[in-house]
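Close look at the chain arrangement
The residues making up each chain are set out below.
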Amino acid sequence: MKSLTDWDRVRRNDEVGVEPEPDEDEFEVDWTSARWVTPEPKQMISLRLDPDILAFFKAEGRGYQTRINAVLRAYMEAQKR
């Protein structure tokens, strides 16, 4: 995938000291309360899925297993409530 960033412009602006425009979605983060969390490793299993379900998730591109996991997690969390 080709980058959409104009790196020549970024370098020129950096050379003359131009600050990037603030992003309206940016916000301040208080890192003093941050803590390191090591995620548990995923468990490898064999799972049989209907072909159309697998095709649907694969059609979305890379990371389809992660998306399937997210859907299963959402279902699990909804059932816990």
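These lines cover the structure that appears in this document, whether it is placed above or below. Numbers given to residues run from 1 along each chain, matching the order in which its sequence is written. Restriction of local features to residues with pLDDT of at least 70 applies here, the model being predicted, together with a cutoff of 80 or more for giving and counting side-chain atom pairs; totals for whole chains, interfaces and linings are based on all residues. As a rule here, side-chain values come from all non-hydrogen atoms in the structure, and water together with hydrogens is ignored.

Notes on the layout of surface pockets
Points on a 1 Å grid, built from protein atoms alone, make a cavity when a 1.4 Å probe fits but cannot get out and make a pocket when they are open with protein on both sides within 12 Å along at least 5 of 7 lines; residues with an atom within 4 Å of a point are the lining residues. Grid points are joined across faces, edges and corners, and a volume is the space filled by probe spheres set on the points. Considered as a void within the structure, the largest pocket measures approximately 780 Å³ in volume. Lining the largest pocket are 17 residues, with Lys42, Gln43, Ile45, Gln65 and Asn69 positioned closest to its centre. Residue contributions to the lining of the largest pocket peak at 8 residues, all from helix α3 (residues 64-80). As a working rule, the residues Ala, Val, Leu, Ile, Met, Phe, Trp, Tyr, Cys and Pro are called nonpolar, Asp, Glu, Lys and Arg charged, and the rest polar, with Gly in that last group. For the lining of the largest pocket, the residue count by class is 10 nonpolar, 4 polar and 3 charged. There is about 230 Å³ of room inside the second largest pocket. Along the walls of the second largest pocket sit Asp6, Arg9, Val10, Asn13, Asp14, Val18, Glu19, Pro20 and Glu21, which together make up its complete lining. Think of it this way: any DSSP run of H or I at least four residues long counts as a helix, any run of E at least two long counts as a strand, and we number them from the N terminus.

Considerations on a nonpolar patch on the surface
For patch detection, residues must exceed 30% relative accessible area and be free of salt bridges, and they are connected within 9 Å for like charges or within 5 Å for nonpolar side chains (Val, Leu, Ile, Met, Phe, Trp, Tyr). Here the open area of atoms and residues is found with the Shrake-Rupley method and a 1.4 Å probe, where only the protein chains shown may cover a residue. The salt bridge criterion pairs a side-chain nitrogen of Lys or Arg with a carboxyl oxygen of Asp or Glu, the two atoms within 4 Å. Taken together, the side chains of Ile45, Leu47, Leu49 and Ile53 present a nonpolar region at the surface, about 360 Å² in accessible area. In this structure, Ile53 sits in helix α2 (residues 51-59).

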